[in-house]
Every structure is written in structure tokens, then in C-alpha cells.
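Okay, here's what each chain looks like letter by letter:
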Amino acid sequence: MESRRERRVSRTKQRPDLASILRKSWYHLRLSVRYSARVPTWDAIVLTAASPEQAQLYEWQLKRAKRMGRIAASTVTIAVPDPGGQRIGSGAATLNAIHALARHYEKLGMDPGSEVLIENGSSFGSSVEHGMSKDQVSDVQMVRFMTKRHILLLHAGGDSKRVPWANPMGKVFLPLPFLAGDDPDGPVPLLFDHILAVASCARQAFKNEGGIFIMTGDVLPCFDASTLILPQDASCIVTVPITLDIAANHGVVVASKTGIQEETYMLSLVDNLLQKPCVEDLAKSHAILDDGRALLDTGIIASKGKAWIELVALACSCLPLISELLKSRKEMSLYEDLVAAWVPSKHDWLRQRPVGEALVSKLGKQKMFSYCANDFLFLHFGTSNEVLDHLSGADSALVGRRHLCSIPATTVSDIAASAVVLSSKIEPGVSIGEDSLIYDSHIAGGIQIGSQAIVVGINVPGDNNSSADNSFKFILPDRHCLWEVPLVGSSDRVLVFCGLHDNPKNSITRDGTFCGRPWEKVMHDLDVQESDLWTSTSGQEQCLWNAKLFPILSYFEMLNVGMWLMGLSEQKNKYFLPLWRSAQRVSLEELHRSIDFTQMCTGSSNHQSDLASGIAKACIDYGMLGRNLSQLCEEILQKELSGVETCKDFLDLCPKLMEQNSKILPKSRAYQVQVDLLRACKDETEASKLEHKVWAAVADETASAVRYGFKEHLLDSSSKPTSPFKNNKLDGNVDHPFCPRRVKVELPVRVDFVGGWSDTPPWSLERAGCVLNMAISLEGSLPIGTIIETTRTSGVLISDDSGNELHVEDPSSIAAPFDVNDPFRLVKCALLVTGILHEKVLVCTGLQIKTWAKVPRGSGLGTSSILAAAVVKGLLQVINGDESNENVARLVLVLEQLMGTGGGWQDQIGGLYPGIKFTASYPGIPLRLQVIPLLTSPQLITELQQRLLVVFTGQVRLAHQVLQKVVVRYLRRDNLLISSIKRLAELAKSGREALMNCDVDELGEIMLEAWRLHQELDPHCSNQFVDKIFESASPYCSGYKLVGAGGGGFALLLAKNATCAKELRNMFEKDSEFQVAVYNWTIFCGN
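Residues numbered from 1 in each chain as written. Predicted model: local features only at pLDDT ≥ 70, side-chain atom pairs only at ≥ 80, totals over all residues. Heavy atoms only, no water.

The subject of this paragraph is the overall build of the protein. When you go through the protein residue by residue, the secondary structure sums to 36 helices and 42 strands. On C-alpha atoms alone, the protein measures out to a radius of gyration of 34 Å, which is about the 31 Å that the 2.2 N^0.38 rule sets for 1087 residues. Its C-alpha atoms give the protein principal-axis dimensions of about 120 × 75 × 60 Å. For the protein, the proportion of its 1087 residues judged to be buried stands at 58%. Across the protein, contacts joining residues at least 24 apart in sequence account for 71% of those joining residues at least 6 apart. Summing over all exposed atoms, the protein offers an accessible surface of approximately 44,200 Å²; the carbon and sulfur share of this is 49%. (Helix = DSSP H or I, 4+ residues; strand = E, 2+ residues; numbered from the N terminus. Rg over C-alpha atoms; globule rule 2.2 N^0.38 Å. Buried < 20%, exposed > 50% of the residue type's maximum accessible area, 1.4 Å probe, protein only. Contact = heavy atoms within 4.5 Å. Areas by Shrake-Rupley, 256 points an atom, 1.4 Å probe, with all protein chains shown as cover.)

Encoded structure:
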């Protein structure tokens, strides 16, 4: 045990990979929102707020999050203010929030029903309800209902004194552009969005049992929450090992030395709780770990089972407790009071606290556990400086520094490369220094912003002598913050500013500062008195928080007075001092109570809409439609009065754009833009009509790339005969004697390791593609084949292994288009593309064509394309045509476009070329393919055949539906999809290297990432049954994925070793829960 602990300590000194954690969390969040039936999401998300006005702002933000796909449509959202705006503490706010959610469910008309059991196995049933009043019965029913809900509670109230510029928006909603570059046309990611992503992974820890997950709004806890283990019938607090100097300023959890210890976590009972303990207290309480650290309380608390039931019961009857707190003006802390009820050693202490007796009585029967997450990264946003540190520090590579913004040319502005400009419009003549943050602002010329500055919500008018060529200048010094606040009940706005390191809570006698200068110097330099700033009757400490500093004046007067207050004005005090003294002035504290949240939300929405409109118009006027206009239109439409008209104006520009760029702009992309704009204009009828042109254009563009060198008459059986084929001895001459021919073509199926989708048009027509796949036989035979024979009787007889049969007496009647339900359209298309109908081969000779595919329907093994390759190859052999794999592969691409099935090139390549191969495609006319066979060693082949299981899931595939969704997203220039397919192509290269190095374990990791990316492309590529298969197989596997486009069919499972493969196969064959079939297979290395 000791050596194991030493290894753990050494490992945890390495910083967790923030990018990897966040990307996995965001992937899980998107999956849960888009397909919550597969990946469960929260039933309710609740935010606490300091006041009803702040709660109104939070409601707006919650609606935004739903609109942007951060929260599922089925999730109930609510913001709950402290009663009367009076602080009651985070513990009481927790009870109040649960109670408010219960009442909200009642308003929504939810029927509580009869759902849960309570302690000791008894139920809330008729025996309990007998003798109760109607109200009591209603409360009991609501407790039943609530205990089955999965609730995310985020404490976001408070006044953000240390991050005052975030006070209007709420600190939890401050901008945090980590991974913003992954989706450049999407909204700016907020701290709240990242918290939602991390929390989405924790949802699965509750499974189908209800519970609550509590987090705090000023911290981003970066850890893999999908590994979270929650004990039954208890509460659990997430902890992290931390050094003693940090522990001395925070809450510390004392956990039992015994518990469940794994590589990444330890789960143990909580023995005690400490608040800001000194080293002596830590030692005395046995809080110091063997490695010299202590367990920090992260603020994350979960509750399930009986602990959750009792918490809900207390919350549903909490109003008297809250009234008692309000009357006594006391607070109840979540981390000191409520949590202490689950820790027996704290009960005596807790009973002396406000409402402590009730907490012990109602909650004290259950226990609390510590879940110590070793790989835990704690990003705190407690000060303005911490915010900038996270944007410019070790994780700065994750930061999107330009996002949804309008920035002038470098010759007319000076904007540092390290500056972060988000959702802002910057006019010419503006200077922005290094590592500064500009958010949700419109900055006019003549403004100079220093380094490490923060500017939020500023809208500087563009007139009134504010251009770069005029005399007006405003300077925000280095390490300063500037923000704008609309006032409730008036049209006035206030400009607010302070130093980056100012602590508004520090009094003038305790190192208090304003704009980085001690108050004594500030008052001396400005010639102001304490009485100008503070009233003597308030009884409060004199500090920046309550100093009446900020005047309500005209905008440019406020800018000029602001520079004077910051010590930058060249004019003397005699000019600005009277102006400042005579103006109505407000403090930060007063502003906190006077923000017009409705005006702020409306202004922000209109600003975002204008920005999106400008970007979209530039994309249409000057670009090649490279932006995601569908996403931009969502923002444009937030401007209710003019949003639709703006989209109509853009729609009117499209014909001219198509005409001017007809040679280089794909019609499929141009049509898709028009479809999206029509939908934005609420014209669904015209949008649906135009969708047909989108798909027709995709087919035409693909045909143009793959038909190069083939005459158009190949697709028309009645055209004038011309022979592009060599050595044709069946030339149709009536005097030619009958020449009997019989050919048999058998081909393997293909399994793809990685790279699929990069072979699919229109991607492969515009970007390079790479696929790594393998040809295999199943159950000892090649499963796909055809027999083609010439006959003396004219006509074509076609039959398949399903018993279907068709005799075509007049082959010249075969012509496109074909009915999608025609079972023989594949063979008919093969007759066209091989030119047999044009060569008049069938004038005096007939054909008999028999096909088979000995694999289950919807296998995902490329059956249709490989069968097409077999028929084309067989027909070319009959006429002595060019049957080379290259020629056959190109003809099959033509064939699939003729059939209207779309699809890419990897299937026929996989079946035509033996063994394992890496294939790359290069866009152009013609589309070029490069097939590189892997020279595999006997050891690699043996290891693959021992470890790789090919399993039929029994699920029906819906690949065409998946294909359509992915193609539409690509045509919209969905950046998440584009980055996912790019990554799949890169992984194909990595997979090739792994196999050439005989690193099968690395291949497994690549398969896992590929499977994650496939689900990112479309979550419906899997289902709950497939998820269950992979979940059960995971302990045995290095990697797994569905083959092809997914949606069902076959799965590849790469076991960790041969023994695991045997155990896994045995589990599938013996467990009746899995109705799957494990196939015997071998690599097909050629005839």
C-alpha cells in the first residue's frame, strides 16, 4: 500500500491536461443535449441569486443557454433569489432553491404521482397519508416527486466585490473563451458554459436514482467528472489534495484513513470539517496526509438516496427556518452548517448555531463521504487579476483571442496580438495593450486601452469629436478596469472604473486603494475630502465598495472626469472638482442595487445581433460563404424588430453572389445558404423546395469529379456507341459467333479503423481525405460476389440471394433515374457505367447475372459498394474491359451517384484491395486516390486476429439519415464538424504509424477517439443498446467502435490481449442479455 501511495503522490504533481478535460466535458455536454435519451441530462438546473433583479438576469442567461444548445429543451431552469433580497447564506439558499423548484414544478402542472421509498424501506403511501391534512398530503407527494429528479444547483448569488466589473452580469457569466476557436461562429463561451460541461459528466454518477449536484459559480473545477463515484444513501463532497499554505485560507475536510483507493481517486468517510485552520489545528485534527498536504473543500457537494430524500423533505418545509434566519439577520452556510449535519463530530458545535438543532434532527442520520480527485485542476475567478491570469497564463493556448468581433486593419489601429477581443466592435484609431480583455463593447476612435486592462459593456458614441483625427482622447491606464452600467428607472448609464488589484472591501485604514493608489494619495491629488466620498452616519467601514465616486453625467463628461479621477487629466482640479462634486454620484454598493438588468440584456442582445449581421454581410459581400451563416442568423434574429428583415436583405444578395462566383463557389454551398436564410425568414415552404437543389448540386459536383474521362453517354443507354474499353471481342457484330463466357467474382468486406467521413462528398471534393481500413473474410469465405454468364437468348436475367428475379427483354430500356425501391438498380447502373449497353454487346447475346451478399442487412461493412465493385469487375471481365482496381473504383463512384445513394470511396477500396491499407484522396478533377498497402508482419496479423472481435449488434442501421445530417452540417460550415473530420483524417495517419510499429494498443486508443468523433458528428450514430454493449466490453478492451457510418450493424472491439478477447467472446455468447453474434474472421490478403 505504501509504494502505491508514493506513486500516486508523484503523479498528482503533474498538472492535469486542461484541454483534454474540457474537450471531453464539452463533447459529453453536446451529446446529452442533442440525444438525452442516450446520454441522460439534468432534469432541472437551478441558480441562486442575490436579488429578484439578478434572478431576472439569470433567467435571461438560462434561456440563452437553451437557445445555444448548452441546456437540453427538456430541462427545467429557474433562478431563485434570496427572500426579499436579504442574505440568508448558501446553506439556507440551498433549501430555499429546492423549495422554489418544487413550487415551480407545481406551477408547471407536474403530477407528483407515487414514486419513491423513504427511510427504513417504508413508502409514502396511504398508511402515511392517513390522517394528514390536504396540504400535508400535497407536501408528501411533492417530496416523492422531487426525490426522483436529477438537479444541478449552482450558487451564483453575491455581489462580486473582488470582480466588480462582473457584478452587473453575474460572475458566473463572465467570458471565458477557452476552446472558443473550436466554434468561431458560435457564442463566446462563458464560465457558466464550462461549468455546465463539467457538470454534465457528473450526471451519470446518479444513474436512474434522483439526487442533487451542488457547485459554486466562481470556480471552474476541471476534472473528469464521468469517473465520479457516489456512495449510496449519503452525501459526498469532492476534495483535492492541496498544500498547507493554501489550506490555511480555505475549508479543509478531514477524511478517514481507510476507504476505497484507486489510481485517480479515493473515497472515504468524512471525520471532521475545518475552516481556515492553522498548521497546529491541521496536525491536531489528523488532517495532514502522508504526503504533507490536506484535503481542500472544492465546493462541490452531491447527495443521493436517503440523504437526498431527507434533504428534500427538509427543504419542502424550510420556510419557518428561513423566516427565523431573516428575523435574526443570521446566515446559514452550506459549507459550515448544512454539510456539518452529515458529520457526527460536528453535531455538538452545530446545535449552537442558528437552526442547527433542526439540521441535526432532520439530516443527522446520514453520513458524508469525501471523494478525493487526484487529477483535479482548480481554476478560481475570485479577483480580476485571476481572470486575466487564466487568459494569459499556462492555458493561454486554449484561449480564443478574437471571437465574433469587428476589428480594423492593422494600419489604422494598434491592437496587441495577446489582447482578447470578444463580441466587440473596434473602430479605427483605437489602441489596445497586451493581455487586455475587451468584451461586449463598441470602442470608438480616440480610445487608448493599456495592457492588462479589462473593458466590459462599453459603448462609446462614434460622434461628438471622438474620431482618431480629432482632439478627443480617452486613456485607460495599464492594469485598470472600465465598465458601463444602465440604471434602473432612468435612461442614464454610469461609467465605472477601478484598478485591477483594488480590493473594494479593504478600508482606507487597511491598505485600501483606488486605481492602484492609496486613498490618502487619491484624496490629496484630487483635493477631495472623506465627507465627499462617505457619509459619517452609515456606520460602515470606509472603502471603495461604498465610496460615492462615480458621477452621472453626459457620456464624454464621464470619460473626462474618469481620467481626472484616475490621475491622468492634464487639466487642474478647479475644472473637474466642481463638476464632480455637483453631479449625482453613486457607489459600487448602490450600483449593485440599481442595475437595469432588462436594459442591459436588451442592449447586449442588440449588440450581438449587429455584430453577427456585420460579419454575415461581409461574408456575402466579400467572401466565399466560409462562415456558418445559420449560426450567425440565430444571433441576428435576437433583434426582434429588424432581424428577419436583415436576413431577407441577405437573401436578396445571393443570386448576384452565385453569378459572380459561379466558377469557384460550389452550388451546393450557395443553395444551402439560401435554405438557411429562408428558414431564418420563416419561409419553410420555399426552404423545403430549395433543399432538393442542394442534394442535386451535391450529386452533380460529385459526378463532375468522378466522371472525368468518361463520356456522358455512359449514363444513357440510347446514346451513340463509342468504345472506351480495350480488347472488346463482344462487339455486337451480328455475324460474330456466340462466345460463351462465365465469370465469378468474390470479394471480402471491409472494416474501417478510422478516417471514415473524410472520403464522403462534398468533403472529399474540397478537402483531402484519409482512411485506414482492412479487407476481411467472414466465417471462412468471401461473403460478397457475383456470377455473370453470357446466354444465347437475348435480354438480361438478374437474380439475387433474396429470391428476387427480373428479366429485362429490351436492355435499351434501362435508363436513369431509378426507383429507390428497385432491388436491381445496382446491377442496372453497373450495366450503364461499364458501357455494355452502349457497345451493343447484347444485340445477339444475353446475360445472366446472379449476386449475393452473405452478411446481415445493414451491416456497415460496405456491402452495397463492394457488391457494386464485384458486378462492375465481372462485367468488365466479360467484355475484356479494363478491370483494374483503379478503374473499377472510379466506376463505382460514378455508379453510386447514378443510384443517388451518395457515399464515399472507402467501401469499394476496402473490398477491392486486399489486406490493410491506408488510402488518401485529393480533391480536383478528377478526384485522385492513392492506395498504400501496409506491409504487415506475421506477428501483427496474428495479434490482430487474436484480439479483434467482429460483432454484429443486431441493430438496424440508418446510415442514410446520418449521412444527410452530416452533409448538411458540412454545407453550413459547422466548425465543430469540420474540426472533427479533420481530426479523423489525422487519426488515420496516426493509425497507419501505429500498425506499422506493431502498436496495437495505440490503435485501440485511436479507435476510441474516432468513435467519440463519430458521435460528435451525429449522436444518433449509436443507441442505448450499442452503448450498453460497449460499456460492458470496456473493461476488456483497448478500443471499440461501430464500423461505417454507425447507427447499428457491426462493431469492432479490440481486446487488451488474447485472454480478454476470449473472455469477451464468452460473455457475448453466454449472456442472453446480448443478442449479438461474434463472427470468425481472417484478414484477406489476396488470391
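Another aspect to go through is the nonpolar core. Ranked by size, the top nonpolar core spans 154 residues in total, and within it Trp165, Phe192, Phe213, Leu220, Phe514, Trp519 and Leu549 carry the most contacts. Here the element with the most residues in this core is helix H7 (residues 191–202); it accounts for nine residues. Beyond its immediate chain neighbours, meaning those up to four positions away, Phe514 contacts Phe497, Cys498, Asp502, Trp519, Val522, Leu544, Leu549, Phe550 and Leu565. In this structure, Cys681, Phe753, Val796 and Leu1052 belong to the second largest nonpolar core, which totals 136 residues. (Core = buried A, V, L, I, M, F, W, Y, C linked by side-chain atoms within 4.5 Å.)

This brings us to the pairing of strand S6 (residues 235–242). Remark: a regular strand shows side chains that alternate across the two faces of the sheet. Within S6, eight of the eight residues are buried, which leaves the element mostly enclosed by the surrounding structure. Burial along S6 is two-sided: Ser235, Ile237, Thr239 and Pro241 facing one way and Cys236, Val238, Val240 and Ile242 facing the other are all buried. In terms of strand pairing, S6 meets strand S10 (residues 294–304) through seven bridges, oriented antiparallel. Bridge pairing in S10 places Pro241 opposite Leu295. Looking at chain direction, S6 and strand S11 (residues 368–373) are connected through five bridges and run parallel. Looking at S11, one finds that Thr239 is bridged to Cys372. (Pairing = 2+ DSSP bridges.)

Ring pairs (aromatic) are described by centroid distance and by the angle formed between their planes. Applying the stated criterion to the full structure yields 23 aromatic pairs. Ring centres 6.0 Å apart and planes at 20° place the aromatic pair Trp42 and Phe213 in the stacked group. Taken together, the residues Trp42 in the loop between helix H2 (18–34) and strand S1 (44–49) and Phe213 in strand S4 (residues 211–216) connect sequence positions 171 residues apart. When its relative accessible area of 3% is taken as the criterion, Trp42 is described as buried. Plain terms: the ring middles of Trp519 and Trp534 are 5.2 Å apart, the flat faces sit at 70° to each other, and that makes the pair edge-to-face. Note that Trp519 is positioned in helix H16 (residues 519–526) and Trp534 in the loop between helix H17 (530–533) and strand S27 (550–551), a separation of 15 residues in sequence. In this structure, Trp519 and Trp534 share a single accessibility class: buried. Taken together, the aromatic side chains of Phe497, Phe514, Trp519, Trp534 and Phe550 make up a single cluster linked through ring pairs. The ring of Phe145 is capped by Arg149, whose NZ or CZ atom sits 4.1 Å from the centre of that ring. Positioned over the ring face of Tyr970 is Arg973, at 4.7 Å from the centre of the ring. (Phe/Tyr/Trp six-rings, centres within 6.5 Å; stacked < 30°, edge-to-face > 60°. Lys NZ or Arg CZ within 6 Å of the ring centre and 35° of its normal.)

A few words on the packing of helix H27 (residues 825–833) against helix H29 (residues 885–899). Contact pair H27 / H29: the axes reach a minimum separation of 9 Å and the direction vectors enclose 125°. It follows from the interaxial angle that H27 and H29 lie oblique. Of the two possible hands of crossing, H27 and H29 adopt the one that is right-handed. Between H27, through Arg825, Leu826, Cys829, Ala830, Leu832 and Val833, and H29, the contact on the second element is made entirely by Leu891, Val894, Leu895, Leu898 and Met899. Residues belonging to the contact of H27 with H29 are distributed by class as follows: ten nonpolar, no polar and one charged. (Axes fitted to C-alpha atoms, helices over the stretch in contact; angles between N-to-C directions. Parallel < 35°, antiparallel > 145°, perpendicular 65-115°, else oblique. Left-handed = near helix turned anticlockwise from the far one by under 90°. Nonpolar A, V, L, I, M, F, W, Y, C, P; charged D, E, K, R; others polar.)

A few words now on the sheet that holds strand S29 (residues 742–747). On the basis of which strands lie adjacent, the open sheet formed by five strands has the order S29-S32-S35-S33-S34 and mixed pairing. With partners counted over all chains shown, the strands left at the sheet margins are S29 and strand S34 (805–808), one partner each. Taking the axes of each pair of neighbouring strands and ignoring which way they run, one obtains an average angle of 10° across the sheet. Judged from the five bridges that link them, strand S33 (residues 796–800) and strand S35 (residues 846–853) form a sheet pairing that is parallel. Pairing of Asp800 across the sheet is with Thr851, part of S35. On top of the sheet, H27 reaches S33, S34 and S35; it is set at about 130° to S35, its chief contact. Strand contacts of helix H28 (residues 863–878): S29, strand S32 (784–791) and S35, with the helix running at about 30° to S32, the strand carrying the most contacts.

Ordered in space as S39-S40-S38-S41, the four strands form an open sheet in which the pairing is antiparallel. Only two strands of the sheet have a single partner each, and these edge strands are strand S39 (1037–1042) and strand S41 (1077–1079). On average, each strand axis in the sheet is inclined to that of its neighbour by 25°, with strand direction left out of account. Pairing of S39 with strand S40 (residues 1050–1055), which is carried by five bridges, proceeds in the antiparallel orientation. Among the inter-strand pairings, Tyr1040 is bridged to a residue of S40, identified as Leu1053. Lying over the sheet, helix H35 (residues 1024–1033) contacts S39 and S40, oriented at roughly 170° with respect to S39.

The subject of this paragraph is helix H4 (residues 89–107). For H4, which comprises 19 residues, the first-to-last C-alpha distance of 26 Å matches the rise-based estimate of 27 Å (1.5 Å per residue) to within 8%. Burial within H4 is extensive, with 14 of its 19 residues counted as buried. Gly109 lies just past H4 and shows a positive phi near 80°. (Expected span 1.5 Å × (residues − 1).)

This part takes up the pairing of strand S9 (residues 265–275). With eight of eleven residues buried, S9 is to be regarded as a mostly interior element. Note: strand S7 (residues 251–255) against S9, five bridges, orientation antiparallel. Note that in S9 the partner of Ala255 across the bridge is Val270. Strand direction decides the pairing type here: strand S8 (residues 260–261) and S9, joined by two bridges, are antiparallel. Directly across from Ile260, in S9, lies its bridge partner Leu267. Two elements, S9 and S11, share five bridges in a ladder whose sense is antiparallel. Each bridged residue has a counterpart across the sheet, and for Met266 the counterpart in S11 is Cys372.

The share of residues in the protein with pLDDT of 70 or more is 91%, and the mean pLDDT across the chain is 89. Scored below 50 in pLDDT, residues 464–469 makes 16 contacts in the model with residues more than four places away or belonging to other chains. Below a pLDDT of 50 lies the segment residues 715–735, which in the model reaches 50 contacts outside its immediate sequence neighbourhood of four places, other chains included. (pLDDT = per-residue confidence, 0-100.)

Summed over all chains, the structure comprises zero disulfides. No disulfide involves Cys515; its sulfur sits 6.9 Å from the nearest other cysteine sulfur, which is in Cys498. Cysteine Cys998 remains unbridged, with the sulfur of Cys1085 as its closest cysteine sulfur at 14 Å. (Disulfide = S-S within 2.5 Å.)

What follows is about unusual backbone geometry. Residue Ala816 is joined to Pro817 through a cis peptide bond whose omega torsion reads 0°. Topologically, Pro817 is positioned in the loop between S34 and H27. Here the amide bond leading from Ile925 into Pro926 is cis, since omega sits at 5°, within 30 degrees of zero. Of note, Asp435 is a non-glycine position whose phi angle comes to about 60°, a positive value. Topologically, Asp435 is positioned in the loop between strand S17 (431–432) and strand S18 (437–439).

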